[in-house]
Each structure stands twice: as structure tokens, then as C-alpha cells.
Amino acid sequence: MVYETGNRTVDDAVRRVLDGERLDRTDGLALIAQPVDDLAPGADYVRSQLGDDTVDACSIVNAKAGDCAEDCGFCAQSVHFDTGIDTYGFLGPEKILEAAKRAERDGAQRFGIVVAEKGVSKEHRPDEWAEVLEAIRLVRDETSVEVDASLGILTDEEAEILAEEGLNHYNHNIETSPNYFPEVVDSHTFEDRVETLEVAKEAGMDLCAGVILGMGESPADRVDAAIALQEVGISSLPVNVLNPVAGTPMAERLGGTADITTAEIVKTVAVYRLLHPEARVRLTGGREVNLAPDEQHLPFEAGADGILTGDYLTTSGQSPGDDIEAMERAGLRPNMDANEFDPDEVKRRSNAGPDAGRETAEGATDD
């Protein structure tokens, strides 16, 4: 079967991807310039041919909040910015397990332990390192979800230990393109990010690495970020959209609003699907504030097949039931490979109102 939109650029890209060819930067730049009404259906067709019509859901816990020494301009947890967030030390293994069980109940396939700091250090903070490992073991042994983590930079030894403990995906976002990265972060480099991903991959972990859109980057930067991730090799590509937090440089620079339109969000998701046809393209933080309620399904109609459900690190997300309704509106269904659950029950709890005592994983990522 030949897929045709009538747009030669899109049709040619779809054909080549389905023939097993990897698209390059030139292709990405040409695609992101195409009309969204041509690009989105083409990318979704690729998803339908290579995927299984399911959406993989993950949830995260903010296991250690605030006081991070890094100066990422979007991040409410940096010690350099006055954002007024609550700060706390490592939650402890039992609290992390409680959050994982809530995520499992809400339909998450995987659960990420996130720590806000440059890196959990086996050498310099051995007690905290031991608690991280214990939390991984508890979630691994007492839930059906797959265990992921975002712990900052890693040594070779630390990565090997995490892999041996059964950590599935290691998350370390590149945030933006190599060219635009210095506009976002001063305290470390784009190459530092890539090096951590390579260390995790060498140890045997799958990689989850993505971007934040709407920070003032150009469409070319969005393409270049995806090309950089091609070179690393990832299986999950989280797509955040900036939710500017008061007190951060990004909020001040952009006037409290992400620098991106709905059409640009959808087009970027579509291009990422075509550049990463085998990866889960995952909708993550900021979609709730940058897409209207009746637009939440649109990225799923442009090739997205993953989602981060529940709350984020320092900001609230929409309910897991709303997420399921958005994917179903796009003709997709929740993935249940790791976690059998009742989607209708999740929606019922979400629609029961505040008196029902909504529970999601405690604190979850903006990046």
C-alpha cells in the first residue's frame, strides 16, 4: 500500500521510513516546513505501520526536590533562582514505593525515580546512593511497572550497578539543540549530557532522552535536537513544552508564555516520529498549559505513542483519566504489556471530583 497526502515531501519521507531508511537533517528541515495538515497524518501513518496502536504511559516521583547547583534556565529547582518551591531531601524507599503503587493503579507502564541534582554520587553521598538502590529494588519487586530513573551524571561504575539492579530506562534529557543549549544552561555543556547517556547505554540501559520546546529555539534547533538523539540512540523521546515558572530566567525572558504555537508543537511531534520511527515519542510536561482541552489529542494524531501521566516535578499535570480520554479520542488505547488495569476505572476516579481523593505519583518531570 502506498500512502499519499499529495505532498511530495511528506509522501517521500513516509515511503523511505517504511522502507527502513533513516532520515537526516536535510529531511527534517524540509519536513518541519510543511503544512501541519499534511505532515501530521503522514507521521501518524508511520506510527500505525510500525507500532501497535497503544500509548505507553510512565509516571515519575520527585524523589529529592530543589537546591540543585545547576543553573538550567527553565528549572524551578535550581538554587540560583527564587521560585518559592518546597524543597526536601531524598524521600526514602518506602515513600517512593507508595508513589510507584499509585502510578501502577493509574495505569503507568513504567515509573521513574527523579532526583534534582547534578548527580547521585556513590562516592560522595553513599547513604543516599544506598537508598536509591533500595528504592529501585522495592519498586522492581513489589510492583509490575518497569523501573526507570533520572539521577543526573553517572560514573561507569554507578551505571553498571544501576543496570545490574534492573533499571530499565535511564532518563537524561538534552533539552534542546547543541547550538541553542548555551542559551539555556551555563553550568554544564551539551556534551556533558551526551556523555552521561553514552555511559548509561554502555552499561546496558535503554535511553529516555528528549527536549523542551518553546524556550526561544528555532524550528531548525528542534530538528537538530532530534538528529543529535539519532546519533545517541534512544528508545523513548519525551517532548516537553515549556511551562514557565515564575522566578526562572525562561519565564522572565519569554514573559511567562512558551514561545511556540499549537501547530508548531504538532509539527515537531510529527517530525520526531519520522526521524525516530522506532522510538516511543512521549508527550510530557507542559502540554496541559500549551494545548487547549480540545487539542490534547492532536499530538497523538501526529505520531505520538507515549505519555507521562500524573504530576510533574514542581507543577501539576492533568488526571490520568483525562490522558486516557485524549489517547482514545485519537483512536489509540493504553498499553498494558507491563501493567494490567481497568481504563474505565481510572477515568471514573478522575471524574469523581476532588472529594474522591485523587492520588497520583507524588511529584513528577518538567524536563
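Residues numbered from 1 in each chain as written. Predicted model: local features only at pLDDT ≥ 70, side-chain atom pairs only at ≥ 80, totals over all residues. Heavy atoms only, no water.

Chemist: Can you help me understand the overall build of the chain in this one?
Modeler: Within the chain one finds 13 helices and 10 strands. Radius of gyration (C-alpha) of the chain: 19 Å, near the 21 Å computed for a compact globule of 367 residues. Principal-axis analysis of the C-alpha atoms places the extent of the chain at approximately 60 × 45 × 40 Å. Counting all 367 residues of the chain, 60% fall into the buried class. Here the chain contributes 32 positively and 75 negatively charged side chains, and the mean placements of these two sets differ by 3 Å. (Helix = DSSP H or I, 4+ residues; strand = E, 2+ residues; numbered from the N terminus. Rg over C-alpha atoms; globule rule 2.2 N^0.38 Å. Buried < 20%, exposed > 50% of the residue type's maximum accessible area, 1.4 Å probe, protein only. Lys, Arg positive; Asp, Glu negative; His and termini not counted. Charge placed at Lys NZ, Arg CZ, Asp CG, Glu CD.)

Chemist: Whenever I open this one, the packing of helix α5 (residues 126-142) against helix α6 (residues 156-164) confuses me. Can you help?
Modeler: Relative orientation and spacing of two packed helices are given, respectively, by the angle between their axes and the distance between those axes. Put simply, α5 and α6 touch, their axes get as near as 10 Å, and they point 25° apart. As the angle between them shows, α5 and α6 are arranged roughly parallel. Crossing handedness for the pair α5 and α6: right-handed. Contacts from Trp 129, Leu 133 and Ile 136 of α5 reach α6 at Glu 158, Ile 161 and Leu 162. When grouped by side-chain class, the residues that make up the contact of α5 with α6 number five nonpolar, no polar and one charged. (Axes fitted to C-alpha atoms, helices over the stretch in contact; angles between N-to-C directions. Parallel < 35°, antiparallel > 145°, perpendicular 65-115°, else oblique. Left-handed = near helix turned anticlockwise from the far one by under 90°. Contact = heavy atoms within 4.5 Å. Nonpolar A, V, L, I, M, F, W, Y, C, P; charged D, E, K, R; others polar.)

Chemist: Help me understand the pairing of strand β8 (residues 280-283), please; the structure alone is not making it clear to me.
Modeler: For a regular strand, the rule is simple: side chains alternate between the two faces of the sheet. Across the two faces of β8 the burial is the same, with Arg 280 and Arg 282 and Val 281 and Leu 283 all buried. Where strand β7 (residues 236-241) meets β8, four bridges bridge the pair, whose relative direction is parallel. The residue bridging Leu 237 from the neighbouring strand is Val 281, located in β8. Both β8 and strand β9 (residues 306-308) contribute to a ladder of two bridges, which runs parallel. Its bridge partner lying in β9, Leu 283 is registered against Ile 307. (Pairing = 2+ DSSP bridges.)

Chemist: What is the right way to read the layout of surface pockets from this model?
Modeler: Once rolled over the atoms, a probe with the size of a water molecule shows which space is left empty. Its boundaries defined by the atoms lining it, the second largest pocket holds a volume of some 190 Å³. Lining of the second largest pocket is provided by Glu 117, Lys 118, Gly 119, Val 120, Ser 121, Glu 123, His 124, Arg 125, Ile 153, Leu 154, Thr 155 and Glu 158. Classifying every residue of the lining of the second largest pocket gives three nonpolar, four polar and five charged. (1 Å grid on protein atoms, 1.4 Å probe; cavity = no way out; pocket = protein on both sides within 12 Å on 5 of 7 lines; lining within 4 Å. Points joined across faces, edges and corners; volume = space filled by probe spheres on them.)

Chemist: Can you walk me through the packing of aromatic side chains in this structure?
Modeler: Aromatic ring pairs are reported here in terms of the distance separating the ring centres and the angle at which the planes meet. If you walk through the whole model with that rule in mind, you get one aromatic pair. Seen from their ring centres, Phe 181 and Phe 190 are 5.8 Å apart, and the 80° between their planes marks the pair as edge-to-face. (Phe/Tyr/Trp six-rings, centres within 6.5 Å; stacked < 30°, edge-to-face > 60°.)

Chemist: Would you mind going over the environment of Ala 40 with me for this structure?
Modeler: Checked against the element boundaries, Ala 40 lands in helix α3 (residues 36-50). Residue classification places Ala 40 among the buried residues on the basis of a relative accessible area of 9%. Separated by 86 residues in the primary sequence, Ala 40 and Pro 126 place their C-alpha atoms 48 Å from one another. Not counting the four nearest positions on each side in its chain, Ala 40 is found in contact with Val 266, Ala 270, Glu 301 and Ala 302.

Chemist: Would you explain the side chain of Asp 224 in this entry?
Modeler: Structurally, Asp 224 is set in helix α8 (residues 219-232). Asp 224 sits in the buried class, given a relative accessible area of 17%. Leave out the neighbours within four places in its chain, and Asp 224 touches Arg 25, Ser 177 and Pro 178.

Chemist: I tried to follow the confidence of the model for the chain on my own but got confused; where do I start?
Modeler: Detailed conclusions should not be drawn from predicted coordinates in areas where pLDDT is low. A residue-level look at the chain finds 93% of positions with pLDDT of 70 or above and a mean pLDDT of 89. Low pLDDT, under 50, characterises residues 354-367; the stretch is placed with 59 contacts to residues that sit more than four places away or in other chains. (pLDDT = per-residue confidence, 0-100.)

Chemist: Please clarify how the nonpolar core should be interpreted in this entry.
Modeler: Note that soluble globular proteins tend to have their nonpolar side chains buried in a common cluster. Of all hydrophobic cores here, the largest spans 103 residues; its most connected members are Ile 96, Phe 111, Ile 113, Leu 162 and Phe 300. If one sorts the elements of this core by residue count, helix α10 (residues 262-275) sits on top with eight residues. Each residue touching Phe 300, except ones within four places of it in the same chain, is listed here: Asp 44, Arg 47, Val 55, Leu 283, Gly 306, Ile 307, Ala 326, Met 327, Ala 330 and Leu 332. (Core = buried A, V, L, I, M, F, W, Y, C linked by side-chain atoms within 4.5 Å.)

Chemist: How do you make sense of the pattern of salt bridges when you look at a structure like this?
Modeler: When charged atoms on two side chains of opposite charge get close, those side chains can pair. This model, assessed by the stated rule, comprises 32 salt bridges. Residues Arg 16 and Asp 27 are paired through a salt bridge, measuring 2.9 Å at the closest nitrogen-oxygen approach. Pair noted here: Arg 16 is in helix α1 (residues 8-18) and Asp 27 is in helix α2 (residues 25-32), with a separation of 11 residues, a long-range link. For Asp 27, a relative accessible area of 14% translates into the label buried. When salt bridges that share partners are traced, they join Asp 12, Arg 15, Arg 16, Asp 19, Glu 21 and Asp 27 into one network. (Salt bridge = Lys/Arg side-chain N within 4 Å of Asp/Glu carboxyl O.)

Chemist: What exactly am I supposed to notice about the pairing of strand β2 (residues 110-115) here?
Modeler: When you tally the buried positions in β2, you get six out of six residues, the bulk of the element. Side-chain alternation along β2 places Arg 110, Gly 112 and Val 114 on one buried face and Phe 111, Ile 113 and Val 115 on a second face that is also buried. In this sheet, β2 lies alongside strand β1 (residues 54-64) in parallel orientation, the contact comprising six bridges. When the bridges of β2 are listed, Ile 60 appears paired with Gly 112. Note: β2 against strand β3 (residues 146-150), five bridges, orientation parallel. The residue of β3 that forms the bridge with Phe 111 is Val 147. Once you follow β2 into α5 and on to β3, the crossover reads as right-handed. (Right-handed = clockwise from strand over helix to strand, strands pointing away.)

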